[in-house]
Amino acid sequence: MEKNTSSSSAAHVLIIPFPAQGHVIPMLSLAKLLSFSGIFTTFVNTESIHRRLSGSSGLIDRRRLRFRTVPDLLSDDGDNERDFDLPSRFFNLQESMRRGSTETYKKLLTEEFIGEWPPVTCVISDDILDFAIEVAGEVGIPTLVFRTSSLCCAWVFAFIQSLIHNGIIPFPEECDMDEIVKGVEGMEGILRRRDLPSFMRMVKSTEDNYIKLMNGFNSNLISSKAIIFNSFDALDPTHYSHYELLLPSYFYYRSSSSTHQIL
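Per chain, the residues get numbers from 1 upward, laid out in the order the sequence is written. Where local features are concerned, this predicted model is filtered to residues with pLDDT of at least 70; where side-chain atom pairs are given and counted, the filter is 80 or more; whole-chain, interface and lining totals use all residues. The side-chain figures draw on all heavy atoms in the structure; neither hydrogens nor water molecules are used.

Chemist: I'm lost on the side chain of Q94 in this one. Help?
Modeler: Tracing the sequence through the fold places Q94 in helix 5 (residues 87–110). Relative accessible area serves as the criterion here: at 10%, Q94 is assigned to the buried category. When neighbours within four sequence positions are excluded, Q94 is seen to be in contact with I128, L129 and D130. Secondary structure elements are taken from DSSP: a helix is a run of H or I of four residues or more, a strand is a run of E of two residues or more, and numbering for both begins at the N terminus. Residue exposure (1.4 Å probe, protein chains only): buried if accessible area is under 20% of the type maximum, exposed if over 50%, otherwise partly exposed. We call two residues in contact whenever any of their non-hydrogen atoms come within 4.5 Å of each other.

In structure tokens, the structure reads:
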């Protein structure tokens, strides 16, 4: 088939979320936003998640938005969703996708021109989906990471070592949940124990798997070239200025109406 020059040079973004409700929904919203802007957009779900959502009108292929699946090695009997927030469950799912999805995912990334669809030119990966970030790097496709939690939550995760050093986590027995938390820059005097992300409440020791999980969240953000936050500047004005010092020179965030670039 002869390639159309204008189409073959067009941007084509592949978006792949972590297979959990709180991750799929905001990344699907971003996929729709990009496709409505005229960008070819491929949204990738695991087969089990796609089956659950197959009746949704939001999963209909459109001219610039299409849906593809990758296999995983876990069942979709409902137990998975109830347990997905446990570290052991998270690590099992990560490994399942690494072993079950890598080959199919790589084929999607390296797929040649098909019809009017150009090759993938950029990946937007969930920031906790390690294998997706690694494989895109191996085949030389630029990758942005999407942080589905709030910017405020991501900022607190960045200070996990400070919170451990100050004895905030693990939570002591019968601690005061209204105690003001020290050690999170920009949130002095307003952040209480009860405001900390749920992962931090669950930490039982400094060797806990929750610590490993949160450190993993941080490493993918800091090592990435660009980040999309599920937020907008009026909601988190203070944290944007702080993140500009911690993260790459360019990062992105999503609002309900448009996609912005901050210099």
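Chemist: I would appreciate a short explanation of helix 6 (residues 130–138) in the present structure.
Modeler: Given 3.6 residues per turn, any residue in an α-helix points the same way as the ones three and four places further on. Taken as a whole, helix 6 has its buried residues at F131, A132, V135 and A136. End-on view of helix 6: buried residues confined to an arc of 130°, all on one side of the axis. Projecting away from the buried face of helix 6 at angles above 90 degrees are the exposed residues G137 and E138. Think of it as the arc spanned by the lines of direction from the helix axis to the C-beta atoms.

Chemist: What should I look at first to understand the pattern of salt bridges in this one?
Modeler: Side chains bearing opposite charge may pair, as long as their charged atoms lie close to each other. For salt bridges, the criterion is a side-chain nitrogen of Lys or Arg within 4 Å of an Asp or Glu carboxyl oxygen. Overall, the coordinates contain eleven salt bridges when judged by the stated rule. Two residues, E116 and R63, come together in a salt bridge whose shortest N-O distance is 3.8 Å. Residue E116 is located in the loop between helix 5 and strand 4 (122–126), and its partner R63 is located in the loop between helix 3 (47–53) and strand 3 (65–70); the two are separated by 53 residues in the primary sequence. Salt bridges linked by common partners bring D178, R192, R194 and D195 together as one network.

Chemist: Looking at this structure, how should I read the confidence of the model for the chain?
Modeler: Detailed conclusions should not be drawn from predicted coordinates in areas where pLDDT is low. Residue-level pLDDT values for the chain average 79, and 77% of them are 70 or greater. At the level of individual helices and strands, the chain shows its lowest average pLDDT in strand 8 (residues 259–262), which scores 37, and its highest in strand 1 (residues 12–16), which scores 96. Across residues 78–85, where pLDDT falls below 50, the model places 14 contacts with residues more than four positions away in sequence or in other chains. Each residue gets a pLDDT score, which is the predictor's confidence in that residue and runs from 0 to 100.

Chemist: Looking at this structure, how should I read the packing of aromatic side chains?
Modeler: Geometrically, a pair of aromatic rings is defined through the distance of the ring centres and the angle of the planes. Each pair of aromatic rings taken from Phe, Tyr and Trp, with Trp reduced to its six-membered ring, is defined by centres within 6.5 Å and is described as stacked if the planes are under 30 degrees apart, edge-to-face if over 60, and tilted in the remaining cases. Under the counting rule described, the total for this entry stands at five aromatic pairs. Both rings, one in Y105 and one in F131, keep their centres 5.5 Å apart while their planes meet at 65°; by these two values the pair is edge-to-face. On the criterion of sequence distance, the pair formed by Y105 in helix 5 and F131 in helix 6 is long-range, its members being 26 residues apart. F131 shares its class with Y105; the two are buried.

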